[in-house]
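# A closer look at the structure
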Amino acid sequence: VSTQSTGGASDNVRVVLLGGGGVACAAMEAALKSPVCQSIVVLATRERSVDGVDWRVNDRTAPIDQQADSICRVLLEHLDQPTVVLCTARRNNQVAPILVPETTLQKLNKNFCFIDLALTEGGNVESSGHDETIIHASGAIVSNTSGFPKKRPQAASTKWSSVTRDFILNELQV
């Protein structure tokens, strides 16, 4: 994850993850290794402790509009810092909740890029669309690419091999 400032130098980015499941945790691990990632914020419904991560619990029982307000406040904390927001919040057998409504997007600026990975289940960002990149009137970018693995098959195959190997080695130790 990197951005270019108007001066051409690379800026450090803040990564915000909506959701705490497998996809978000894999993204968090990658962000922790990235030299351009300055900070990581995770908003999820269950708490975990991870070094170098600001893990904030969002009340799963609260109405969606209250959860969205809480997320908006976190996003507005650093308007001047380039921020990548990976949206992965969803529950099994349920439609993914809209956690970033148009009203939030209107308050943001060109420093924000949303990648809605929950779109297949309904999406977390109100204006996201399948295989679309939308530049909101505020300058915020909302993007979705369905099937990331098919866009980068070698990387997906390598990751799958690594995960499978680790699983087998773990099972052998039991």
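Here's what I pulled together on the structure shown here. All figures in this text were calculated on a predicted structure; none of them were measured in a lab.

So, on to the nonpolar core. Formed by 19 residues in total, the largest nonpolar core has its most connected members in Leu18, Leu75, Val85 and Phe114. Mapped by element, the contributors of at least two residues to this core are strand E3 (13-18), strand E4 (37-44), helix H2 (64-75), strand E6 (83-87) and strand E7 (112-116). Beyond its immediate sequence surroundings of up to four residues, Leu18 is in contact with Leu43, Ile71, Val85, Leu86, Cys87, Thr88, Ala89, Leu99 and Val100. Ranked by size, the runner-up nonpolar core spans 17 residues in total, among them Ala24, Ile40, Trp55 and Leu86.

There is a patch of nonpolar side chains on the surface, built from Phe167, Ile168, Leu169 and Leu172 and spanning about 430 Å² of accessible area. Relative to the elements of secondary structure, Phe167 occurs in helix H5 (residues 153-173).

This part covers helix H1 (residues 22-33). With 12 residues, H1 should reach 16 Å at 1.5 Å per residue; the first-to-last C-alpha distance of 17 Å fits that figure. Listing the buried residues of H1 in full gives Ala24, Cys25, Ala27, Met28 and Ala31. Relative to the axis of H1, the buried residues are bounded by an arc of 160 degrees and lie together on one face. Exposed positions of H1 whose direction lies more than 90 degrees from the buried face are Gly22 and Lys33. The secondary structure elements touched by the buried residues of H1 are E3, E4, strand E5 (54-57) and E6.

Turning next to unusual backbone geometry. For Asn93, which is not glycine, the phi dihedral falls at a positive 60 degrees. Within the fold, Asn93 resides in the loop between E6 and helix H3 (102-107). Residue classification places Asn93 among the exposed positions, given a relative accessible area of 83%. A positive phi angle, close to 50 degrees, is found at Asp131, a residue other than glycine. Here Asp131 lies in the loop between E7 and strand E8 (133-135). Here Asp131 falls in the partly exposed class, since its relative accessible area comes to 47%.

Backbone hydrogen bonds hold the strands of a sheet together, and the pairing may be parallel or antiparallel. Taking strand neighbours across the sheet as the criterion, the 7 strands line up as E5-E4-E3-E6-E7-E9-E8 in an open arrangement whose pairing is mixed. What marks the edges here is a single partner per strand, and that holds for E5 and E8. For this sheet the average axis-to-axis angle between neighbouring strands, irrespective of direction, equals 15 degrees. In the sheet, E6 pairs with E7 via 5 bridges, with the strands oriented parallel. Residue pairing across strands places Cys87 opposite Asp116, the latter belonging to E7. Sitting on the sheet, H2 touches E3, E4, E5, E6 and E7, and the angle it makes with E3 is about 170 degrees.

Cut-offs applied
- Residues numbered from 1 in each chain as written.
- Predicted model: local features only at pLDDT ≥ 70, side-chain atom pairs only at ≥ 80, totals over all residues.
- Heavy atoms only, no water.
- Core = buried A, V, L, I, M, F, W, Y, C linked by side-chain atoms within 4.5 Å.
- Buried < 20%, exposed > 50% of the residue type's maximum accessible area, 1.4 Å probe, protein only.
- Helix = DSSP H or I, 4+ residues; strand = E, 2+ residues; numbered from the N terminus.
- Contact = heavy atoms within 4.5 Å.
- Patch = residues over 30% accessible without salt bridge, like charges linked within 9 Å, V, L, I, M, F, W, Y side chains within 5 Å.
- Areas by Shrake-Rupley, 256 points an atom, 1.4 Å probe, with all protein chains shown as cover.
- Salt bridge = Lys/Arg side-chain N within 4 Å of Asp/Glu carboxyl O.
- Expected span 1.5 Å × (residues − 1).
- Arc of directions from axis to C-beta.
- Pairing = 2+ DSSP bridges.
- Axes fitted to C-alpha atoms, helices over the stretch in contact; angles between N-to-C directions.

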